[in-house]
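An overview of the molecular structure
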Amino acid sequence: MSDNKQATLALGTKPVGQLLWQYALPAIVAMSASSLYNIIDRAMIGQIVGPEAIAGLGITFPFMNLSAAFGAAVGVGASASISVKLGQKDYPTAQNLLGNTLTLNLIIGFSFMVICLMFLDPILYFFGASEVTLPYAREFMTVILLGNVMTHMYFGMNAVLRAAGKPKYAMYSVLFTVGMNILLVLAFVWWFRWGIRGAALATVTSQTIAMCWQLWLFSNKNEILHLKHGIYRLKKRLVSNIIAIGISPFLMNVTSCVIVIFMNNQFVRYGGDMAVGAYSIANSVVMMFFMFVMGVCQGMQPIVGYNYGAEKYDRMLRCLFMAIGCATTILLVGWILSMLFPREIARIFTTDETLIELSATGIKLDMLVFFVVGAQATITHFFQSIGKVKVSIFLSLSRQLFLLLPMAYVFPLIWGLDGVWYSMPASDFLSFAMTIPMLMWYMKKFKVAKANN
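Being a predicted model, the structure only gives us computed values, none of them experimental.

1. What to know about the overall build of the protein chain
Along the backbone of the protein chain there are 18 helices and 0 strands. The C-alpha atoms of the protein chain give a radius of gyration of 21 Å, which matches the 22 Å a tight globule of 453 residues would have. Its C-alpha atoms give the protein chain principal-axis dimensions of about 60 × 45 × 35 Å. Out of the 453 residues in the protein chain, the part that is buried amounts to 58%. Pairs at least 24 apart in sequence give 82% of the contacts found in the protein chain among residues at least 6 apart. Looking at the protein chain, you have 31 positive and 18 negative side-chain charges, and the mean spots of the two groups are 18 Å apart.

Encoded structure:
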């Protein structure tokens, strides 16, 4: 039996705690390294290029979320489908899912690049750019969009590596990308002074090199999942399955895009370009800690998917609750640090005192109830991992679209700029309160299913 098949079968037999540690640790290391890179990237841009560049970078967040939405629709949908098929020992279908993942990433990545480059300036203005911030945002996104196909392939293949029982390889891929990114940013931004364009070029270059290594890994014919002739032609049934599962993270990222666009415009309206810069910094801090939670969720996904496919519901739920505990602990640490040292954190990104003051206030307000977000995110990913698409979509949309959007409109009418900040913790807490009853209801269904087996 190959090492790959043994690793796959262990998802249904090995102690759940060991499995979650085995799969989540590489993902956490990879995501935290990625988060560290983002902090270094933004700090260098803020310190060397200036506060206007930070604000311009904030305008690009919706674009990045939109691109990630299409990548997640394929990558997450494919990895979850592959995990379930491996649990059912349907290896031919898992193999074809790999090929269809590659083809979909190529088609979607190229189409997104062409359409967005054609209408770049109008899109950036719509996203909240001003005459001051537009040049920075345009410079950054032009390079990012030109490398969009590589980015989609890189994230898609990393998700499949985890589903195929190779979490360490997925970790190595991200660590290499981050390390190369940091070296190239130092060279392009600090040494050559290429500004915000240099930061974007560093990102695309490092992801392209990592993607080539991923494809080389999948060329090994001794593995269950490997690249071969006949698996690349799109099959309606497989594509439908990928999209059905991937629609939840797709909508989550599209919603994030809509929210950031709206929030950018609200911050410009009530606080000007510097308020957008503060939002960019606060968002970076939130994502720094949230990336750890995403690592836990990524580690949980193949274990939950496999055991759901194998109808081992006890193991599946045990993994979920361990993941919730890990995610909550991580965000509690982030909450404590942000409440105690907001100004010190803001100083990492800028030396501008006005921006530091705005950012410190924003960090504290944005992360007011941060410790409850981990459970909500983990449970949402759980439903996504077992193919409960409608539930996952509802939970994904409730936090931002149904709650945050109206609050971000109404609260500033009462409290001004602070009201924009207040809307974020308010929506976090209410979405958490909605998620728990949903999980409890499904737990009863799983108990009934287990009793009937």
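2. Description of the packing of aromatic side chains
Throughout the structure, instances matching the rule amount to 23 aromatic pairs. On the numbers, 6.1 Å between centres and 45° between planes, the contact of Trp190 with Trp191 is tilted. For Trp190, a relative accessible area of 47% translates into the label partly exposed. Put simply, the rings of Tyr308, Tyr313, Phe382, Phe383, Trp441, Tyr442 and Phe446 touch in pairs and so form one group of aromatic residues.

3. Examining the nonpolar core
Judged by nonpolar contacts, the single largest core of 99 residues is most densely connected at Phe63, Leu124, Phe267, Phe382 and Phe383. Here the element with the most residues in this core is helix H12 (residues 273-309); it accounts for 19 residues. Among all residues touching Phe383, those that are not within four sequence positions of it are Lys388, Val391, Ser392, Leu395, Met438, Leu439 and Tyr442. Residues Ala30, Ile82, Tyr91 and Val149 belong to the second largest nonpolar core, which totals 35 residues.

4. Observations concerning the packing of helix H17 (residues 389-415) against helix H18 (residues 417-452)
Between H17 and H18, whose axes approach to 7 Å, the crossing angle comes to 155°. Compared by their axis directions, H17 and H18 come out roughly antiparallel. Between H17 and H18 the crossing geometry is right-handed. For the contact of H17 with H18, the class distribution of residues is 19 nonpolar, 6 polar and 3 charged.

5. A closer look at the side chain of Gln214
Here Gln214 is to be found in helix H10 (residues 195-217). Judged by its relative accessible area of 0%, Gln214 is buried. Side-chain polar atoms of Gln214 contact the side chain of Asn158, separated by 2.9 Å. Apart from the residues within four sequence positions on either side, Gln214 is in contact with Met153, Tyr154, Met157, Asn158, Leu161 and Ser173.

6. Some remarks on the environment of Ser81
With respect to the secondary-structure elements, Ser81 resides in helix H4 (residues 61-87). For the pair Ser81 and Thr205, spaced 124 residues apart in sequence, the C-alpha to C-alpha distance is 30 Å. When neighbours within four sequence positions are excluded, Ser81 is seen to be in contact with Leu97, Asn241, Ile242 and Ile245. Among the polar contacts listed, one links the side chain of Ser81 to the side chain of Asn241, at a separation of 3.3 Å.

7. Quick word on unusual backbone geometry
Phi is positive for Arg193, which is not a glycine, with a value near 60°. Secondary-structure assignment places Arg193 in the loop between helix H9 (167-191) and H10. The exposure class assigned to Arg193 is exposed, which follows from its relative accessible area of 53%. The backbone of Glu311 sits at a positive phi, close to 60°, despite the residue not being glycine.

8. Quick look at the packing of helix H11 (residues 236-271) against H18
Look at H11 against H18: their axes get within 8 Å of each other, and the N-to-C directions meet at 155°. With respect to each other, H11 and H18 are oriented roughly antiparallel. Residue-level inspection shows Met263, Gln266, Phe267, Tyr270 and Gly271 of H11 in contact with H18, the latter providing Leu417, Val420, Trp421, Ser423 and Met424.

9. Brief notes about the confidence of the model for the protein chain
Residue-level pLDDT values for the protein chain average 86, and 96% of them are 70 or greater. Confidence, read as mean pLDDT per element, is least for helix H1 (residues 3-9) in the protein chain (57) and greatest for helix H13 (residues 313-340) (94).

10. Remarks on a nonpolar patch on the surface
A surface patch of nonpolar side chains, about 770 Å² in accessible area, is lined by Leu183, Leu186, Trp190, Trp191, Phe192, Trp194 and Leu201. When residues of the nonpolar patch are assigned to their parent elements, the largest contribution, 4 residues, is made by H9. Here Leu201 lies in helix H10.

Here is what the cut-offs are and how they apply
Residues numbered from 1 in each chain as written. Predicted model: local features only at pLDDT ≥ 70, side-chain atom pairs only at ≥ 80, totals over all residues. Heavy atoms only, no water. Helix = DSSP H or I, 4+ residues; strand = E, 2+ residues; numbered from the N terminus. Rg over C-alpha atoms; globule rule 2.2 N^0.38 Å. Buried < 20%, exposed > 50% of the residue type's maximum accessible area, 1.4 Å probe, protein only. Contact = heavy atoms within 4.5 Å. Lys, Arg positive; Asp, Glu negative; His and termini not counted. Charge placed at Lys NZ, Arg CZ, Asp CG, Glu CD. Phe/Tyr/Trp six-rings, centres within 6.5 Å; stacked < 30°, edge-to-face > 60°. Core = buried A, V, L, I, M, F, W, Y, C linked by side-chain atoms within 4.5 Å. Axes fitted to C-alpha atoms, helices over the stretch in contact; angles between N-to-C directions. Parallel < 35°, antiparallel > 145°, perpendicular 65-115°, else oblique. Left-handed = near helix turned anticlockwise from the far one by under 90°. Nonpolar A, V, L, I, M, F, W, Y, C, P; charged D, E, K, R; others polar. Polar contact = N/O pair within 3.5 Å; in protein donor to acceptor, adjacent residues only side chain to side chain. pLDDT = per-residue confidence, 0-100. Patch = residues over 30% accessible without salt bridge, like charges linked within 9 Å, V, L, I, M, F, W, Y side chains within 5 Å. Areas by Shrake-Rupley, 256 points an atom, 1.4 Å probe, with all protein chains shown as cover. Salt bridge = Lys/Arg side-chain N within 4 Å of Asp/Glu carboxyl O.

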